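# Notes for the structure review
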Amino acid sequence: MADIEYKPRKINSGKALSIAIRSKDFWRLYILAVLMVFCSIFYYFGEIVDLVGWQGSRWDFFYGIHDIHRLLFLIPIIYTGYVFGTRATVLVTIIVVGICIPRALFISPFAHPLLRLLVFILIAGALGYLAALVRTRMKRRGYLESMMRREIGRLSALSDRMEEGIILIGPDYRIRYSNSSMRLYFGEVTSPYCYQYLRGLDEPCGEVCKLSEVLAGAVRRWRHELPDGGVFEVLASPYIDADGAVCQYATFRDTMVHEERGKRASEQQD
Amino acid sequence: MDLEWILQLVLFGILHWMLAVLLLQDMASRDRVLGGRKAPWVLAIALVTFLGSLLYMLCHPQVFLEDNDDDNDRSH
């Protein structure tokens, strides 16, 4: 076998940039960077005004205690927790400490600046962590729900391919599920109740009905005859549905079809 | 050296090593880093307090996407 030489595909910088811009993560990081820059400028606005000498922008608000200005950093921390997860939250919280610490150590004329910064950062970090926790749980829930939907679809497809009719009846006589063979034998489910659908009655079948026995845990087998002469072998057993209710799970086997098949098989053998 | 300075140093130390450990862990799991060699980055992160770590994060923003499993791509 000839060796295949692997040549890495070269992507030019323009193409790489366009791929990056189309990525969701690029915009998430961009928003985080913008938030951090905005909060930092807001936090040090008084010093920036002094440095540049913008006399018109000397508002008292930016020369007061900076605990309120620091609160703005809650936005990028909680955003990071919700969008990126736990590790990124820890990183951003440490970066915020790095941004805020020069003021606490060298600029602030107020009492205990470092202690106040530490209290804020602990609370902000905890909030960011909680946001990350919410995000993780939401993602996990979404993943489990999609898995469950996929499994339900798979099981439904399997039961639809079966030759036997399947019907699930709740304790209130309501039909919870029927497969395609069942609908083929008895028609579309137009009535919510089993006695209306299977026998055309207006009330439960009375002594013939095995629902209460099956719900009590028994497995029952009987023959269900149709007015047109069709006969079904029914096997009913208890089943606990997703809501915890005990239901009757019944399979309907068309005996005519099976008898014909049996005859044909014996004829072929002869 | 008074108590306040000692506390400040301890605080810096804790923050620096928290950051360093997280970033070194990230680097260990990464196949490629900017510049191709990991050793200079290890030295920068461990020895240049905050600035080394900040530079690494700027050059490798994927650090933030570590547990973001939507469309995480660690190669660059």
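You'll find the structure just up there.
Description of the structure in this document. As the structure is a prediction and not an experimental result, all values here were calculated from the model. For every chain, the first residue of its written sequence is number 1, and the numbers climb from 1 along that sequence. Note on labels: chains are lettered from A, ligands numbered from 1, in written order. Predicted model: local features are reported for residues with pLDDT of at least 70 only, side-chain atom pairs are reported and counted for 80 or more only, and whole-chain, interface and lining totals are derived from all residues. Here the side-chain values reflect all heavy atoms present in the structure, with hydrogen atoms and water set aside.

Helical segments are the DSSP runs of H or I of at least four residues, strand segments are the runs of E of at least two, and each set is numbered from the N terminus. Here Ser40(A) lies in helix α2 (residues 24-43). Note on contacts: a residue pair qualifies if any of its non-hydrogen atoms lie within 4.5 Å across the two residues. Not counting chain neighbours up to four residues away, the residues in contact with Ser40(A) comprise Phe73(A) and Ile99(A).

For the rest of this paragraph, the subject is the sheet that holds strand β3 (residues 220-225) of chain A. Residues and elements named next belong to chain A. For two strands to count as paired, DSSP must find a minimum of two bridges between them. One open sheet holds the five strands; their spatial order is β2-β1-β5-β4-β3, and the pairing between them is antiparallel. Since the sheet does not close on itself, it has two edges, and those belong to β2 (175-178) and β3, each with one partner. Geometrically, the sheet is characterised by an average inter-axis angle of 25° between neighbouring strands, direction not taken into account. Angular values range over 0 to 180 degrees, each being the angle between N-to-C directions of two axes fitted as lines to C-alpha atoms, with helices fitted over their stretch in contact.

Bringing the interface of chain B and chain A into the picture now. With 24 residues of chain B at the interface, the matching set in chain A holds 23 residues. Put simply, buried area is the surface a 1.4 Å probe can reach on two separate parts but cannot reach once they are joined, added for both. Interface area, chain B with chain A, both sides summed: about 2100 Å², of which 68% is carbon and sulfur. The salt bridge criterion pairs a side-chain nitrogen of Lys or Arg with a carboxyl oxygen of Asp or Glu, the two atoms within 4 Å. Between chain B and chain A we count one salt bridge in total. By the criterion applied in these results, polar contacts are pairs of N or O atoms within 3.5 Å in which, for protein atoms, one can donate a hydrogen and the other can accept it, and in which residues neighboring in sequence qualify only through two side-chain atoms. At the junction of chain B with chain A, the criterion picks out two residue pairs in polar contact (both at pLDDT 80 or more). At the level of elements, α1 (3-29) and α3 (51-59) of chain B are the ones that each hand at least two residues to the side of chain B that touches chain A. Counting residues per element, the side of chain B that touches chain A draws most heavily on α1(B), at nine residues. Only Asp, Glu, Lys and Arg are considered charged, only Ala, Val, Leu, Ile, Met, Phe, Trp, Tyr, Cys and Pro nonpolar, and every remaining residue, Gly among them, polar. Considered class by class, the residues forming the side of chain B that touches chain A number 14 nonpolar, three polar and seven charged.

So, on to the pairing of β3(A). All names here are of chain A. Note that β3 and strand β4 (residues 231-240) share six bridges and pair antiparallel. Counterpart to arginine 223 in the pairing with β4 is glutamate 233. Following β3, the chain reverses through five residues before pairing antiparallel with β4; glycine 229 in that reversal takes a positive phi of roughly 100°.

Note on aromatic pairs: the rings of Phe, Tyr and Trp (six-membered ring only in Trp) are paired at centre separations within 6.5 Å, and the planes decide the class, stacked below 30 degrees, edge-to-face beyond 60, tilted for the rest. The tally for this structure, following the rule as stated, stands at 18 aromatic pairs over all chains. With 5.9 Å between their ring centres and 70° between their planes, Tyr173(A) and Tyr195(A) make a pair best called edge-to-face. Placement of the pair is Tyr173(A) in the loop between β1 (165-169) and β2 and Tyr195(A) in helix α9 (residues 194-199), with a sequence separation of 22 residues. The classification of residues rests on relative accessible area computed with a 1.4 Å probe and restricted to protein chains. Under 20% of the type maximum is buried, over 50% is exposed, and intermediate values are partly exposed. Among the residues examined, Tyr173(A) registers a relative accessible area of 26% and is labelled partly exposed. We classify Tyr195(A) as buried; its relative accessible area is 9%. Note on Phe12(B) and Phe50(B): the rings are 6.2 Å apart at their centroids and 70° apart in plane angle, and the pair reads as edge-to-face. Here Phe50(B) lies in the loop between α2 (39-47) and α3 and Phe12(B) lies in helix α1, a separation of 38 residues in the sequence. Residue class for Phe12(B) comes out partly exposed when judged on its relative accessible area of 25%.

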